[in-house]
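Observations on the three-dimensional arrangement
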Amino acid sequence: MVSIQNLHKKFGKNEVLSGVDLNINKGGIFAVLGPNGSGKTTLIKCVLGMVIPDKGNIDVLGENIKKGSNYRHKIDYLPQIANFPSNLRVKELIKMIKDLRGNTTIDEQLIDLFKLTPFLDKKLGNLSGGTKQKVNIVLTFMFDSPLVILDEPTSGLDPISLIRLKDLIQAEKAKGKTILITSHIMSFVEEVSDEIVFLLEGKIYFKGSISELKTKTKQPDFEHAIASILTNNHA
Amino acid sequence: MLKILKYSFYDLMRSRWSYVYFAFYLLLGIVLLFLNNDLSKAVITLMNVIIVLVPLIGTIFGVMYYYNSKEFTELLLAQPLKRSSIFLGQYLGVALSLSMSLILGLGIPFVFYGLFKSSAIWDFSLLLITGVFLTLIFTALAFNIALSNENKIKGFGYAILLWLFLAIIYDGIFLMTLIMFEDYPLDKLSLFGTMLNPIDLSRTLILLKLDISALLGYTGAVFKQFFGTNFGLVVSFATLVLWVVLPILRIVFKSKKKDF
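Residues numbered from 1 in each chain as written. Chains lettered and ligands numbered in written order. Predicted model: local features only at pLDDT ≥ 70, side-chain atom pairs only at ≥ 80, totals over all residues. Heavy atoms only, no water.

As named in an unreviewed UniProt entry, chain B is Cu-processing system permease protein, taken from Aquaticitalea lipolytica.

Per an unreviewed UniProt entry, chain A goes by ABC transporter ATP-binding protein and derives from Aquaticitalea lipolytica.

Here it is as structure tokens:
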């Protein structure tokens, strides 16, 4: 599905990614974890073509990403910070993204699911952070793409919406999609993900299932397993 | 690109600042006509305002729009769109909406005053054309500055400096060199110097069209000889087009290599 070879990226003197090799197979939920500044978002943005790597190769669904922008038709991306043009109304934004990417009817179900109908005529600048995130989620999931990338999807969501989001992610997985998530909420990651990729200092420190991680670090639960990686490496 | 252009334009057309800008020109046009009571004179006064104000507004708006729509740009970048079409679409959206405020804001009062029956129509059209050119040039320069500077404050600073340099400081330096080297023949140099600055070039173009070049003395005669001919006019417009095209090319080039 996604194959990354020897990816390097520097921002000035700060080396964020130093030789990442990663293969993500089709189907399943993958969580990309790591401490702040470990390069999670940079890695994702490299896959999306928003950050241009210094070195290395990325293929998405067998297509080299340097070849053009068309491969992004197969990716749904939820950005970390949802900030939209404040002059637009929610309805108009959805219409506009449809106009740019092609038509879909899934948006109506999603609007229903997240109870966004009363907000459709409101301007995006007047929405609360959580509502903006819901709009963001609708925009992400309304295209039925085989690869879904979610950068901190839980931020600002209330408990009910969080449950709906989890259901939605599971439903997408059941369709055979590949879902890539970054999150700092360990309970969320533990609940939804099949496999985790742990980034540390620009390299992949661990890739495997949560139970493998627990045995490797000899910790009884996931949160402590992660914490033990961090303390052992930064002691 | 056209879709991005459409949405950027639409977004800006509904922002308060477009209306403020439009209303300002509307008011300016009405007041000038009321005070001068003469179309040609109003055009001259208007020129002095436009030459300085249009670049300033273009620069500030361009930088402001770029920084304000940063997150939205990131949303677009994740869509299957070419980078060049995203940035060119946004650039044209800003430049065209500013141009429209200018043309409508000034056009409406002049048309009502009887522009079409007057001989000043060509002078006025030239004024609007150079106004549009200046908008295109300075918005493109502003996008260049914003693309190269992550830091908003720095970006604004450089943008203001650029405007200050081309609108005021350049003339000062130019004048100083002319005084320093007054013993030498300077007509070629001064022609060249004028061509290099889009603001000076626009001003000269309009002044000569208005037939007040006699006020410029000997240099005016040289200028008239050059700019007054068709050849001079073509070269001047070619230079203005070059001033638009070069920054646009840099936008395309720079945006391809930038990380978001």
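The structure having been displayed, the exposition proceeds.
**What to know about the overall build of chain B**
When you go through chain B residue by residue, the secondary structure sums to eleven helices and zero strands. For chain B, the succession of helices and strands along the chain, N to C, is α-α-α-α-α-α-α-α-α-α-α. A compact globule built from 260 residues would reach a C-alpha radius of gyration of about 18 Å, and chain B, at 19 Å, matches this within 12%. Structurally, chain B occupies a C-alpha span of about 60 × 45 × 30 Å along its principal axes. Put simply, 81% of the contacts in chain B that link residues at least 6 apart link residues at least 24 apart. (Helix = DSSP H or I, 4+ residues; strand = E, 2+ residues; numbered from the N terminus. Rg over C-alpha atoms; globule rule 2.2 N^0.38 Å. Contact = heavy atoms within 4.5 Å.)

**Overview of the sheet that holds strand E8 (residues 178–182) of chain A**
Residue and element names in this part refer to chain A. A sheet is described by the order of its strands in space; here six strands give the open sequence E6-E7-E8-E3-E9-E10, paired in mixed fashion. Every interior strand has two partners, whereas the edge strands, strand E6 (75–78) and strand E10 (203–208), have only one. Within this sheet the neighbouring strands show an average axis-to-axis angle of 15°, counted without direction. In this sheet, strand E9 (residues 195–200) lies alongside strand E3 (residues 28–33) in parallel orientation, the contact comprising four bridges. Across the sheet, Phe30 pairs through a bridge with Glu195, a residue of E9. Across the sheet, helix H7 (residues 210–217) touches E9 and E10, and the angle it forms with E10 is around 115°. (Pairing = 2+ DSSP bridges. Axes fitted to C-alpha atoms, helices over the stretch in contact; angles between N-to-C directions.)

**Points about the pattern of salt bridges**
Going through the model one piece at a time under the given rule, you end up with 22 salt bridges over all chains. Taking the shortest distance from any N to any O, the salt bridge between Asp99 of chain A and Lys3 of chain B comes out at 3.7 Å. Here Asp99 of chain A is found in helix H2 (residues 90–101), whereas its partner Lys3 of chain B is found in helix H1 (residues 2–13) on a different chain. Note on Lys3 of chain B: relative accessible area 37%, which makes it partly exposed. One salt bridge in this structure joins Glu191 of chain A and Lys166 of chain A, with 2.9 Å as the shortest N-O distance. Residue Glu191 of chain A is located in helix H6 (residues 186–192), and its partner Lys166 of chain A is located in helix H5 (residues 159–174); the two are separated by 25 residues in the primary sequence. With a relative accessible area of 17%, Lys166 of chain A lands in the buried category. Connected through shared salt-bridge partners, Asp144, Glu172, Lys175 and Lys177 of chain A make up one network. (Salt bridge = Lys/Arg side-chain N within 4 Å of Asp/Glu carboxyl O. Buried < 20%, exposed > 50% of the residue type's maximum accessible area, 1.4 Å probe, protein only.)

**Digging into the interface of chain A and chain B**
At the junction of the two partners, chain A supplies 27 residues and chain B supplies 25 residues. Between chain A and chain B lies a buried interface of about 2,400 Å² when both sides are counted; carbon and sulfur atoms form 57% of it. Contact with chain B buries surface across chain A, with Met50, Asn87 and Leu100 of chain A losing the most and accounting together for 26% of the total. One can count four salt bridges joining chain A with chain B. Note that Glu74 of chain B is salt-bridged to Lys45 of chain A, the shortest N-O span being 3.9 Å. Listing elements by their share of the side of chain A that touches chain B, those giving two or more residues are strand E1 (2–11), helix H1 (40–48) and H2 of chain A. Among the elements that take part in the side of chain A that touches chain B, H2 of chain A stands out by supplying eight residues, more than any other. Residues of the side of chain A that touches chain B, tallied by class, amount to 14 nonpolar, five polar and eight charged. (Buried area = accessible area lost by both parts, 1.4 Å probe. Nonpolar A, V, L, I, M, F, W, Y, C, P; charged D, E, K, R; others polar.)

**Some thoughts on H7 of chain A**
Residues and elements named next belong to chain A. Where H7 is concerned, the buried positions are Ile210, Leu213 and Thr217. Taken around the axis of H7, the buried residues stretch over an arc of 55°, which confines them to a single face. Phi turns positive one or two residues past the end of H7, at Lys218, with a value near 55°. (Arc of directions from axis to C-beta.)

**Focus on the sheet that holds strand E4 (residues 55–60) of chain A**
Consider a sheet: its strands pair through backbone hydrogen bonds, and that pairing is either parallel or antiparallel. All names here are of chain A. What the four strands build is an open sheet, ordered E2-E1-E4-E5; its pairing is antiparallel. Edge positions in the sheet fall to strand E2 (14–24) and strand E5 (63–64), since each of these pairs with one other strand and no more. Examined bridge by bridge, E1 and E2 share eight bridges and lie antiparallel to one another. Across the sheet, residue Ser3 finds its bridge partner in E2, namely Asn23. Sheet contacts for H1: E1, E2 and E4; angle to E1, the most-contacted strand, approximately 120°.

**So, the UniProt feature "transmembrane region" (unreviewed entry) in chain B**
Here the UniProt feature "transmembrane region" (unreviewed entry) sits at residues 20–36, 42–67, 88–112, 124–147, 159–181 and 231–253 of chain B. Within the segment residues 159–181 of chain B, helix and strand shares are 96% and 0% respectively, and the terminal C-alpha atoms sit 31 Å apart. (UniProt positions renumbered as here; feature names shortened; annotations may be inferred.)

**Quick notes on the environment of Leu120 of chain A**
Residue and element names in this part refer to chain A. On the secondary structure map, Leu120 appears in the loop between helix H3 (106–113) and helix H4 (129–141). Judged by relative accessible area, Leu120 falls into the buried class, the value being 16%. Separated by 64 residues in sequence, Leu120 and Gly56 have C-alpha atoms that sit 43 Å apart.

**Remarks on unusual backbone geometry**
Residues and elements named next belong to chain A. Its identity as a non-glycine residue notwithstanding, Leu61 has a phi of 50°, on the positive side. With phi around 50°, Glu152 is a residue other than glycine that occupies positive phi space. Among the structural elements, Glu152 can be located in the loop between strand E7 (147–151) and H5. The buried category is assigned to Glu152, whose relative accessible area is 10%.

**Focus on the side chain of Ser255 of chain B**
Residues and elements named next belong to chain B. Mapped onto the secondary structure, Ser255 falls in helix H11 (residues 230–257). Judged by relative accessible area, which is 0%, Ser255 ranks as buried. Apart from the residues lying within four places of it in its own chain, the contact partners of Ser255 are Arg83, Ser84, Phe87, Leu147 and Arg250.

**With respect to the environment of Thr105 of chain A**
Residues and elements named next belong to chain A. By secondary structure assignment, the location of Thr105 is in the loop between H2 and H3. What makes Thr105 exposed here is its relative accessible area of 60%. Between the C-alpha atoms of Thr105 and Met142, which are 37 residues apart in sequence, the distance is 7.5 Å.

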